[in-house]
Amino acid sequence: MIILGIETSCDETAASVLKDGKEILSNVVYSQIALHRPYGGVVPELASRRHLDNIVPVVEEALAQAGLKLENMEGIAVTRGPGLVGALLVGLCFAKSLCAVNRVPLTGVNHIEGHICSIFLEHEVPFPFLSLTVSGGHTSLFLVKGIGAYEVLGQTRDDAAGEAFDKVAKLLNLGYPGGGIIESLAEKGEPKIRFPRAIPSADSLDFSFSGIKTAVVNYVKGFTTPDSLKKLPTEDIAASFQEAVVDMLIRKVIQARNRFKTERLVLAGGVVSNGYLRRRFQEMARKEEVELFIPSPHICTDNAAMIAWVGNHYLERGKQDSLDIDALSRWRVGVS
Ligand code: KG4
Ligand code: ZN
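Quick caveat: nothing in here was measured; it's all calculated off a predicted structure.

Caption draft 1: Here's a closer look at the pattern of salt bridges. Tallying each qualifying case throughout the model produces 15 salt bridges. The network of salt bridges with shared partners includes D159, E163, K167 and K213.

Below is the structure:
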């Protein structure tokens, strides 16, 4: 089955052509980062307008790279939620019209399910497994018993991990988005500053990242004069912050692994493109004897191939949506 995937839930306009759930024939991502950078974060209205400008060329490019035409598509998978509703609507309305004109089935995909399943684009992973999904909007730990069977074990009680990276970068005037910038700075620094590692409660598998963000704010407040601010050890702050975030993620994963006795761990989401995080999890997996699966960095960040994979799975099983589905700004994964 040849599927066209479309993703417009946030600030990436993306399209991909996927064959038989395995072969990525194209995976085009147009990032709007430059548009939102001056504002230090995604401006929803600007994001929707830019998706409108880009959806046609991005889909055309994905088809051209695959060497195929719209008529060759046997189904269309589009992100239905969660995300910015105006942004989602652009992809969803476009997908619906393509389906109506070409008389092919439509399936609306949950963005988080896309991240969880992104690993299947590159690896076969037997069930059950633990999935840690760490992005700009979500930080969740799932027990995955099969496709569509996701038990939420824990999630963030406040900021998502990626959001914390972005907010700390903004506080330090480093630019947007923060993840990649903090990672590069951290490589030049030492994790000398001991920021607190929040544990919501010993038996909970939830995360919390607002405390570490406040700890960085308070640390920076200690540099009161313009002269002392010049001496702000930005690289050490970045290294210390990054270490603390990864420590907190690893601690909860070990706790979940011990409780559920799972042998396999799958990582997903934009933050997982972080090289330091990947190395730390590899070390942990060796020590704890867990089999670890990590998608390539370009599969961790938002893309349409992961949406096409989930769409392919459901369409192959005859599960399609009607053309009057709406966009869902909130949508718990595993709930239809
Ligand atoms: O999964 P994603 O592309 O989009 C969402 O669904 O949110 O994740 C975006 C998030 C942003 O917060 C960004 O700062 C973070 O992933 N990120 C990183 C890195 N690259 C992207 N965080 C840490 N280190 C990175 N190298
Ligand atoms: Zn995402």
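Caption draft 2: The arrangement of the packing of aromatic side chains in detail. Summed over all chains, the structure comprises 8 aromatic pairs. Centroid distance F195 to Y219: 6.0 Å. Interplanar angle 85 degrees. Geometry classified as edge-to-face. In this pair, F195 is assigned in the loop between helix 6 (178-188) and helix 7 (210-221) and Y219 in helix 7, connecting sequence segments 24 residues apart. For F195, a relative accessible area of 3% puts it in the buried group. Owing to a relative accessible area of 26%, Y219 belongs among the partly exposed residues under this scheme.

Caption draft 3: Up close: the domain arrangement of the chain. As assigned here, the chain comprises domain 1 (2-116 + 300-316) and domain 2 (126-294). For domain 1 versus domain 2, the separation of C-alpha centres amounts to 27 Å. Opposite the 18 residues of domain 1 that make contact, domain 2 presents 18 residues. If you sort the residues of domain 1 by the area they bury against domain 2, I112, I116 and C300 come out on top, with a joint share of 41%. Connecting domain 1 to domain 2 are 0 salt bridges. If you look at where domain 1 meets domain 2, you find 3 residue pairs in polar contact (both at pLDDT 80 or more). Sorting the residues of the side of domain 1 that touches domain 2 by element identifies helix 1 (33-36), helix 4 (111-117) and helix 12 (305-316) as the ones contributing at least two each. Counted by class, the side of domain 1 that touches domain 2 contains 9 nonpolar, 6 polar and 3 charged residues.

About the thresholds
- Residues numbered from 1 in each chain as written.
- Chains lettered and ligands numbered in written order.
- Predicted model: local features only at pLDDT ≥ 70, side-chain atom pairs only at ≥ 80, totals over all residues.
- Heavy atoms only, no water.
- Salt bridge = Lys/Arg side-chain N within 4 Å of Asp/Glu carboxyl O.
- Phe/Tyr/Trp six-rings, centres within 6.5 Å; stacked < 30°, edge-to-face > 60°.
- Helix = DSSP H or I, 4+ residues; strand = E, 2+ residues; numbered from the N terminus.
- Buried < 20%, exposed > 50% of the residue type's maximum accessible area, 1.4 Å probe, protein only.
- Domains from an automatic or database assignment.
- Contact = heavy atoms within 4.5 Å.
- Buried area = accessible area lost by both parts, 1.4 Å probe.
- Polar contact = N/O pair within 3.5 Å; in protein donor to acceptor, adjacent residues only side chain to side chain.
- Nonpolar A, V, L, I, M, F, W, Y, C, P; charged D, E, K, R; others polar.

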